[in-house]
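As a plain string of letters, each chain reads:
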Amino acid sequence: MTALLELDGVSVSYGSMKALSDVSLVVPEGCVVALLGPNGAGKTTTLRTISGLVRPERGHIRFRGRSIDRLAPHRVSSLGILHVPEGRGIFRSLTVAENLEMATYALRGAADSRSVVEQALDMFPALRDRLRQAAGTLSGGEQQMLAMARAFAAGPELIMLDEISMGLAPKITEQLFDTIRTAAASGVSMLLIEQYVDAALELADYCYVLEKGRVVGVGQPEDLRDSDALAAAYLGAGVA
Ligand code: ATP
């Protein structure tokens, strides 16, 4: 399988605090990869490093074989790497329609921005009735849908999702997971962080387990489900 994204021996520090040590991982084209691990394991830092928000002190990041570890965040997103951060990253004072239009500005090639917005709205029909509403007045679930719709409207090659279920009711979370399944089935590659380990194992083709900034387990969900690495990483964290 072709590697879409590759991290090779990536280390990151915040001042004297080492957040990632020698992290290597691959997102194959058309696959969903989950990052698992307890709070503070380095999952968010991994996504922020790929996005160009944090610079690796060591190692390489390649996208379609091209080195991206020195690119500014807007250059990374213009390659089609879309990051939906924890906290969602939407423009709260703009309307839903304006949020979606802005997301299409960096569209590559001849894509018609109206049609990609339409496609994104087809994935999240609840947003259609809210197009003229300020994003900040949406419910938490609708805000998360908007954040994801923005990523889909930007012509993604790879979508990175950080804890989309955070603070949402189980029913809404299940709807969002359904959308992820549909998008994955249509071939969009994803790298996701998810607090619900069972859901992540069910959604993913491959999983990486991080603990204290290191990869301590990797494999297909069925291999990891009952593994010592997964249990040990979460031991005491009360999540698994
Ligand atoms: P969580 O699920 O709690 O977000 P995580 O696995 O995503 O955890 P990170 O947020 O990547 O972990 O954090 C990794 C380590 O880096 C933690 O020890 C955290 O305290 C530290 N850290 C994260 N961001 C910063 C920052 N901006 N400055 C200093 N330390 C940070």
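Preceding this section is the structure that the text describes.
Residues numbered from 1 in each chain as written. Predicted model: local features only at pLDDT ≥ 70, side-chain atom pairs only at ≥ 80, totals over all residues. Heavy atoms only, no water.

Caption draft 1: View of the overall build of the chain. For the chain, the count of helices and strands is 9 helices and 10 strands. For a compact globule of 240 residues, the expected C-alpha radius of gyration is about 18 Å, and the chain comes in at 17 Å, within 12% of that figure. Dimensions of the chain along its principal axes, counting C-alpha atoms only, are 50 × 40 × 35 Å. For the chain, buried positions account for 50% of its 240 residues. (Helix = DSSP H or I, 4+ residues; strand = E, 2+ residues; numbered from the N terminus. Rg over C-alpha atoms; globule rule 2.2 N^0.38 Å. Buried < 20%, exposed > 50% of the residue type's maximum accessible area, 1.4 Å probe, protein only.)

Caption draft 2: Spotlight on the packing of aromatic side chains. Under the criterion given, the structure shown has 1 aromatic pair. With a centroid separation of 6.4 Å and an interplanar angle of 40°, the aromatic rings of Phe124 and Phe152 are classed as tilted. Here Phe124 is found in the loop between helix 4 (113-123) and helix 5 (140-153), whereas its partner Phe152 is found in helix 5, with 28 residues between them in sequence. You can call Phe124 buried: its relative accessible area is 2%. Arg64 extends its terminal NZ or CZ atom over the ring of Phe63, reaching a point 6.0 Å from the ring centre. (Phe/Tyr/Trp six-rings, centres within 6.5 Å; stacked < 30°, edge-to-face > 60°. Lys NZ or Arg CZ within 6 Å of the ring centre and 35° of its normal.)

Caption draft 3: The arrangement of the pairing of strand 8 (residues 189-193) in detail. When you tally the buried positions in strand 8, you get 5 out of 5 residues, the bulk of the element. For the segment spanning strand 7 (residues 158-162), helix 6 (residues 170-185) and strand 8, crossover handedness is right-handed. (Right-handed = clockwise from strand over helix to strand, strands pointing away.)

Caption draft 4: A look at a nonpolar patch on the surface. The grouping of Phe91, Met102 and Tyr105 at the surface amounts to a nonpolar patch, some 340 Å² of accessible area in total. Structurally, Met102 can be placed in helix 3 (residues 96-103). Residue classification places Met102 among the partly exposed residues on the basis of a relative accessible area of 32%. (Patch = residues over 30% accessible without salt bridge, like charges linked within 9 Å, V, L, I, M, F, W, Y side chains within 5 Å. Areas by Shrake-Rupley, 256 points an atom, 1.4 Å probe, with all protein chains shown as cover. Salt bridge = Lys/Arg side-chain N within 4 Å of Asp/Glu carboxyl O.)

Caption draft 5: Highlighting helix 3. All buried positions along helix 3 are accounted for by Val96, Ala97, Asn99, Leu100 and Ala103. Viewed along the axis of helix 3, the buried residues span an arc of 160°, placing them on a single side of the element. (Arc of directions from axis to C-beta.)

Caption draft 6: Spotlight on the nonpolar core. Counting 48 residues, the largest nonpolar core has Leu36, Leu161, Ile180 and Met190 as the members making the most contacts within it. If you tally residues by element for this core, the top one is helix 5, at 8 residues. Once residues lying within four places of it in the same chain are set aside, the contact partners of Met190 are Val27, Cys31, Val32, Val33, Leu158, Ile159, Leu161, Ile180, Ala183 and Ala184. Counting residues in each nonpolar core, the second largest holds 28 residues, with Leu4, Val10, Val12 and Leu191 among its members. (Core = buried A, V, L, I, M, F, W, Y, C linked by side-chain atoms within 4.5 Å. Contact = heavy atoms within 4.5 Å.)

Caption draft 7: Broad picture of the site of the ligand. Neighbouring the ligand are 13 residues; Gly40, Gly42, Lys43, Thr44 and Thr45 lie closest to it. Interatomic distance of 2.7 Å between a backbone N/O atom of Gly40 and an oxygen atom of the ligand. The backbone of Thr44 places a nitrogen or oxygen atom 2.7 Å from an oxygen atom of the ligand. In isolation the ligand exposes 620 Å². Once the protein is present, 59% of that is buried. Mapped by element, the contributors of at least two residues to the shell around the ligand are strand 2 (17-28) and helix 1 (43-50). For the shell around the ligand, the element with the most residues is helix 1, which contributes 3 residues. (Near = heavy atom within 4 Å. Polar contact = N/O pair within 3.5 Å; in protein donor to acceptor, adjacent residues only side chain to side chain.)

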